[in-house]
Every structure is written in C-alpha cells, then in structure tokens.
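Residue-level listing of the chains:
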Amino acid sequence: MADIPIPEIVSEINNKHQFPEFKGKVIKRGDVDYDAQSYQYASSSHLEDGIIQPAAIIKAADDSDVIKAIKYASENKIAVAVRTGGHQYSGASSTSGKNIQLDLSQTYKDFDWDDENCTSVTLGVSFPLGEFNAKLREKNRFVPHGQCQYVNLGGHIQTGGYGQLARSFGLFSDHVKKFRIITADGQVRWVAQGEDLFFAVLGGSPGNFGVLTHATLNVFRDQDYPNSRGLRAAYPYDRQRLKDLLDVMVEMVEDENFPADYDYCITVLSEPPFRTFELTYDMAHRKEGQQMVAWPPMIVVFAQWANLQGEKQTYNPDFFNKIKQVAGKGLVQVSDKEHTPMSTLTGHWIVPISREFELPYIKRTYSSNSNSQRLKEHKWTDWISDRIEDGRNWNYDKTSGPIDVGCNVAAQIQHFGGNNSRFNQNGKRNTASFSWRDANILCTVDAFYHSYQYEQTIEWQKKNDEGVGKPEAAFCEHDRRVLWGSYDLDLSASHQYYYDQNPEGKYERLCKIKQKYDPSGVFTPNRFCIGLPVPVPADSKDGIKKRIKLSGSETAKERAAAIELAKVPQLSAEDRFWEMASTERELGKTVPLWNIWRA
Ligand SMILES: Cc1cc2nc3c(=O)[nH]c(=O)nc-3n(C[C@H](O)[C@H](O)[C@H](O)COP(=O)(O)OP(=O)(O)OC[C@H]3O[C@@H](n4cnc5c(N)ncnc54)[C@H](O)[C@@H]3O)c2cc1C
C-alpha cells in the first residue's frame with residue numbers, strides 16, 4: 001500500500017501563509033469574504049465536520065498560478081484541494097488546517113473546435129454543464145453528461161458524467177480523447193488513452209492525481225439521429241403512480257436485449273419548504289443567483305429514444321405509451337409526438353436550479369446489478385416506493401403552506417443496463433477506472449433537513465441502507481457506491497464499496513499510480529482520497545452528532561406549530577399539483593419550476 005502522508009485535518013487559524021507572487025485573488029481564513037468564498041454545495045452539510053475550511057483559497061489566474069500553488073504546497077509540506085464547480089457531495093474539493101484550496105472556477109474557459117466538421121472540441125475545465133451544453137448546441141452537437149447545470153467539467157470528467165444518455169451513449173468521460181493535467185512535480189502533460197494517468201484520473205478518485213486544465217472530447221452530430229424523440233413530463237406525486245412507473249422500468253430490465261436507443265429516468269421531489277421567516281445558510285451563501293422556484297410534490301419522467309441507426313430506423317412509440325398510460329394525467333413539456341434534436345434534448349435533461357432544497361442533506365446513491373427476477377422476488381418497486389412515501393408528509397396545508405413534517409426528499413432512479421447498453425459496453429474497454437459498469441439501476445435518495453429533523457433523517461437513511469449489502473436486501477446484495485454520488489468522508493476506509501475488481505487489483509493499481517505521480521501527497525488534502533491508512537473508528541454514537549443551527553431559524557415552538565399544522569385538513573398532493581400547474585408567473589413572486597425549465 002502506498003505510503004502517503006495523512007493530511008492535516010485539524011482546523012486552526014493560520015495567517016502565516018504568504019502568497020506575494022500570485023496573479024489571481026488570494027483569500028485567507030479570517031478575511032471578510034472568507035465565508036462567501038469558501039462556501040460550496042456541501043458546506044451546510046459538512047461544515048461541522050471541519051473539512052471545508054481551507055487556510056487560503058487561491059483563485060488561480062492561469063497555469064503559472066497553479067504551478068506556484070503546487071510548488072508552495074510542496075515546499076511547505078501542505079496539501080492542495082482542487083475545486084472547479086464545488087459540487088462534490090462530501091466536500092472533498094475543500095480542505096482544512098494548513099492546507100489550501102485552488103479554485104479554478106474561472107481559470108480555464110477556452111473552447112476550440114478541432115475540425116471544420118465540429119466532431120471534436122478542446123476546451124478548458126471551468127465550464128458549468130449548462131453553459132457547455134449550450135455551446136455544443138450552437139453547432140447542433142451533443143455528448144452525454146449529468147443533469148445539474150452548475151456542475152463543472154473539472155470534476156465531472158473525473159467522476160463520469162452519469163446522465164440521461166447513459167444507455168444510448170455511455171458516460172461523458174467515455175468520450176474524452178485526451179486531457180491536460182499539471183502534476184505534483186509542476187509538469188504540464190497531455191495524457192491520452194492507454195496511459196496509466198488516463199486510467200487513474202478518469203474514475204480513480206477526483207483531485208488526487210493533479211490539476212486538470214483541459215480536455216479534448218469527441219462529440220456527436222444531431223444530423224446522425226434525425227428521428228430522435230424525448231418525453232419530459234411532470235405528474236402529481238402518488239405512491240401508486242411511482243410504483244407503476246418503476247414497474248415499467250423493471251420490465252425494461254427484464255428484456256436484456258432492450259435497444260440501447262431508450263433511456264428512462266424517474267425523479268421524485270417533495271415541495272420546497274418556503275417559509276417567510278426563514279433564511280437558511282444555503283440561501284445566504286449560494287452563489288448562483290436567486291432561487292425563488294417552487295414546485296408541488298411531483299414525479300418527473302425523462303424518456304428518450306436516440307435513433308442510433310439514423311434515417312432508416314422508424315420510431316415505435318409503444319414504450320413511451322406504456323409510461324404515459326401508467327402515469328395518467330400530467331404536464332407534458334417535451335412530447336415524443338414530434339422529433340426533438342438530441343442537442344435540444346440534452347438541454348431538456350438539465351435541471352435549472354442550483355440545489356434541490358436550500359438546506360443541508362444526507363445523501364445516498366446506490367448502484368445495483370440485480371436482474372429483474374431478483375428485483376421482483378424482493379418486491380423492490382414496492383419497497384422503494386414505501387421508503388420514499390415514508391420520508392415525507394407529501395400533502396400540504398392550504399392556509400399555512402408546505403408542512404415540514406418529514407424531510408425534503410429528492411430521489412432519482414434510472415435504468416443503465418442491458419446487453420446493448422453503452423454504459424455497460426463502454427465499461428468493458430477498461431480504458432478508465434469507473435467501477436460497477438455492470439449496473440442495471442442507479443437509485444439516489446437524498447434527504448434535506450432542518451436542524452430539528454436531523455435525527456429523523458439519519459434514521460430514514462439507515463432504513464434505506466437496508467436495501468443493499470446483504471442477500472435478502474431488496475435492491476442489491478452488495479453495497480456498491482459511485483464516486484459522483486459519494487456520501488462518505490473517508491474514501492480509503494470505505495474503498496471496497498467504491499471500487500470493483502475490473503480489472504483485478506484496481507484499487508491497488510490506482511494507489512500505485514497515485515504514489516508515482518504524487519509521492520508526497522500534495523493532492524491529499526483530506527480523507528476523501530485513495531491510499532490512506534484506515535483509521536480505527538471512533539466511538540460515534542451511531543454517527544449522530546449534535547448539529548448547530550446552520551440550516552434555518554426554526555425554534556422548538558415553530559416545530560411544534562408545524563406538527564400541529566400537519567393535523568389540519570390538507571390538500572392532496574394531486575390537488576396541490578394542479579393548483580400549482582395553473583399558477584402564472586408573477587413579477588416578484590416565486591416562479592413555478594416549469595416556467596424556467598427549457599433547453
Ligand atoms: C446537485 C448536483 C447534481 C449532480 N448531478 C449529477 C449527475 O446528474 N450526474 C453525475 O455524473 N454527477 C452529478 N453530480 C456530481 C458531480 O458531477 C460531481 O461531483 C463532479 O465531480 C462535480 O464537479 P465540480 O467541478 O462541479 O465539483 P468540485 O467539487 O469542484 O470537484 C469535484 C471533485 O473533482 C476534483 N476536481 C475538480 N476540479 C478539478 C480539476 N480541475 N483538477 C483536478 N481535480 C479537480 C475536486 O477536487 C473534487 O474531488 C451532481 C452533483 C450535485 C451537487
């Protein structure tokens with residue numbers, strides 16, 4: 001096992017750092033805008049874990065700043081955390097103690113087509129997905145990628161880019177030809193398929209091997225998929241509706257030769273808890289504009305037929321009709337009745353909000369290779385529908401607004417598998433190190449909570465965990481996690497969940513590559529890194545910590561009021577859905593989600 005130094009994780013004020021030669025902006029712990037600058041997606045969830053408090057944040061202007069930061073870290077025996085979009089769920093793109101954070105959110109924004117035909121592009125990593133998607137669409141080009149518009153390419157390239165086109169086109173990273181990286185020795189390298197760094201950086205452990213600056217990607221042309229279709233529709237939340245839609249997914253899993261053209265994803269969202277008295281930590285710190293966007297408790301369906309064989313292939317609507325039939329009445333925003341170009345569809349699959357709820361979360365993403373027989377034997381669709389139903393009071397009080405009894409749930413379930421799936425097929429090439437490429441279904445169940453709901457949320461997630469990791473578990477016999485949807489703070493200690501044995505000895509090989517390119521641990525800024533010695537677990541009372549009130553301003557009295565409200569007659573989720581569906585956009589008021597959700 002690699003002998004990599006354990007990072008400094010003690011939080012301490014350290015004003016000794018001096019950065020006189022940097023061109024970019026340097027913000028030190030203690031500076032007035034430190035809180036705003038160190039804020040990222042995981043802050044409200046993990047601030048108390050002491051891992052999102054870098055001694056300084058270096059907003060690099062260019063390569064020379066990056067190289068200076070690396071040199072500075074080496075000389076001072078400290079580590080560098082690299083952040084581009086700041087969307088790592090465990091907070092791994094930040095650090096603490098004496099360590100520093102290199103912020104690349106604005107550093108690398110060049111974008112150049114490599115040929116006249118626009119089939120290959122070389123671009124910097126500082127693009128949010130929304131902007132990147134729009135740039136490709138200008139030329140009627142697309143690639144598969146994830147669904148959050150503010151996730152940046154810097155991390156996304158390394159964690160995969162799991163999204164709606166997974167069966168039809170695979171992962172975003174499957175289309176990376178080469179990338180440019182600055183390693184711990186200060187060298188700038190272009191790395192191509194076949195090299196050990198290519199294997200390690202794509203899927204190994206983000207941020208641990210060097211600073212990624214650019215990548216060259218192969219992209220696809222709309223004109224090669226002239227009949228593509230998509231369906232994006234929202235339906236009122238209802239447990240039975242959810243179960244029926246999931247049964248359609250299991251039927252899809254059952255047909256192992258289901259064409260790769262089809263992708264199908266179900267998202268469930270409870271209603272955001274807008275309360276006039278509340279200013280949560282995330283509301284106060286979020287950088288990506290005002291988020292006064294509302295929706296009712298709902299199920300959102302994405303389905304797509306990619307027309308992989310081009311002109312000669314005709315569209316058969318049977319699968320989409322089955323979805324529509326079980327879903328019933330809903331708001332159809334993208335219809336399969338007409339052709340929609342792939343580059344437009346990929347825009348429709350991006351959710352136009354900065355975070356689901358402006359609260360801290362406890363996250364879970366599980367990957368399963370269970371076949372349909374196993375899923376049916378274990379009644380998984382019933383089980384997961386019950387778990388989601390159990391997470392939240394899904395109804396609403398007309399006079400007082402949404403009721404905060406139960407946590408705020410964001411769940412997403414998608415089919416990735418089958419013999420024809422390119423997610424599965426591309427994985428067999430083993431050119432990158434992404435694990436669990438034999439997955440059939442990925443299931444995310446995230447819970448966002450007010451501080452008084454913290455213990456209840458922990459309990460809910462504990463029950464969800466029973467769905468994996470043992471022979472009788474409803475979803476998967478094994479506990480298989482994905483780096484993009486991490487929920488651990490210590491990757492080395494739980495590496496068996498994140499890394500498979502394809503090829504055999506993968507984790508050990510990655511540790512060796514890490515040792516080769518970063519022998520002194522410059523890119524080991526926290527415990528969400530590979531190759532660290534596994535600590536003896538501390539006695540943590542089942543992991544339940546006392547939360548300080550980062551999440552909101554509620555008092556015990558307000559909580560009691562919320563519980564009382566839950567007892568009064570409520571609108572059903574169905575009524576609430578249609579009430580909100582007829583809401584018009586009004587200046588100065590909260591915007592219904594579907595008014596802003598366009599490609
Ligand atoms: C709301 C939300 C929705 C998401 N949806 C999806 C989805 O649909 N599909 C999906 O696949 N993923 C999804 N993700 C996960 C996301 O794609 C990954 O966490 C991604 O790595 C984030 O990249 P980033 O640059 O935005 O984040 P960061 O936090 O800046 O970086 C993520 C990781 O990459 C490292 N890193 C970042 N930039 C560089 C760089 N230039 N050089 C070296 N290391 C770097 C960081 O150190 C960190 O470990 C979602 C995340 C969120 C919060």
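Residues numbered from 1 in each chain as written. Predicted model: local features only at pLDDT ≥ 70, side-chain atom pairs only at ≥ 80, totals over all residues. Heavy atoms only, no water.

(A) View of the packing of helix 8 (residues 239-254) against helix 10 (residues 318-327). Running from N to C, helix 8 and helix 10 point in directions that differ by 160°, and their axes come no closer than 8 Å. Here helix 8 lies roughly antiparallel to helix 10, going by the angle between them. The handedness of the crossing between helix 8 and helix 10 comes out as right-handed. Between helix 8 and helix 10, the residues in contact are Arg241, Asp244, Leu245, Val248, Glu251 and Met252 and Phe319, Lys322, Ile323, Val326 and Ala327, respectively. A per-class count over the contact of helix 8 with helix 10 returns seven nonpolar, no polar and four charged. (Axes fitted to C-alpha atoms, helices over the stretch in contact; angles between N-to-C directions. Helix = DSSP H or I, 4+ residues; strand = E, 2+ residues; numbered from the N terminus. Parallel < 35°, antiparallel > 145°, perpendicular 65-115°, else oblique. Left-handed = near helix turned anticlockwise from the far one by under 90°. Contact = heavy atoms within 4.5 Å. Nonpolar A, V, L, I, M, F, W, Y, C, P; charged D, E, K, R; others polar.)

(B) Focus on the site of the ligand. Taken together, the neighbourhood of the ligand is formed by 30 residues, with Val82, Thr84, Gly86, Ser93 and Tyr162 sitting nearest. Here threonine 159 contributes a side-chain N or O atom positioned 2.9 Å from an oxygen atom of the ligand. Contact between the ligand and proline 206: an oxygen atom at 3.3 Å from a main-chain N or O atom of the residue. The protein chains hide 97% of the 950 Å² of surface that the ligand would expose on its own. Contributions of two or more residues to the shell around the ligand are made by strand 3 (80-83), helix 5 (153-159) and strand 10 (211-218). Taken together, the residues of the shell around the ligand sort by class into twelve nonpolar, 17 polar and one charged. (Near = heavy atom within 4 Å. Polar contact = N/O pair within 3.5 Å; in protein donor to acceptor, adjacent residues only side chain to side chain. Areas by Shrake-Rupley, 256 points an atom, 1.4 Å probe, with all protein chains shown as cover.)

(C) Molecular detail of the sheet that holds strand 8 (residues 176-182). The strand order across the open sheet formed by five strands is 5-6-10-8-9, and the pairing between neighbours is antiparallel. Taken across any chain shown, the strands that pair with only one partner, and hence form the sheet edges, are strand 5 (111-113) and strand 9 (188-192). Direction aside, the axes of adjacent strands within the sheet are offset by 15° on average. The sheet contact formed by strand 8 and strand 9 spans five bridges and is antiparallel. Paired with arginine 180 across the two strands is tryptophan 190, which belongs to strand 9. Packing against the sheet, helix 4 (residues 129-137) makes contact with strand 5, strand 6 (120-124) and strand 10, and its axis sits at approximately 25° to strand 5. (Pairing = 2+ DSSP bridges.)

(D) Broad picture of the packing of aromatic side chains. In the structure shown here, the tally under the stated rule is 38 aromatic pairs. Seen in terms of ring centroids, tyrosine 449 and tyrosine 454 are 5.2 Å apart; in terms of plane orientation they differ by 45°. Their pairing is tilted. You can call tyrosine 449 buried: its relative accessible area is 2%. Of the residues examined, tyrosine 454 reaches a relative accessible area of 6% and is grouped as buried. Through pairs of rings, three or more aromatic residues link up here, namely Phe258, Tyr262, Tyr264, Trp305, Tyr315, Phe319 and Phe320. (Phe/Tyr/Trp six-rings, centres within 6.5 Å; stacked < 30°, edge-to-face > 60°. Buried < 20%, exposed > 50% of the residue type's maximum accessible area, 1.4 Å probe, protein only.)

(E) The sheet that holds strand 2 (residues 56-59), seen in detail. The mixed open sheet is built from four strands, whose spatial order is 1-2-4-3. The two strands at the open ends of the sheet, each matched to only one other strand, are strand 1 (25-28) and strand 3. Across the sheet, the axes of successive neighbouring strands diverge by a mean angle of 20°, strand direction being ignored. By the bridge criterion, four bridges tie strand 2 to strand 4 (residues 100-103) in an arrangement that is parallel. In the sheet register, isoleucine 57 faces strand 4, and the bridge partner there is glutamine 101. Across the sheet, helix 3 (residues 63-76) lies against strand 2, strand 3 and strand 4, angled at about 170° from strand 4, the strand it touches most.

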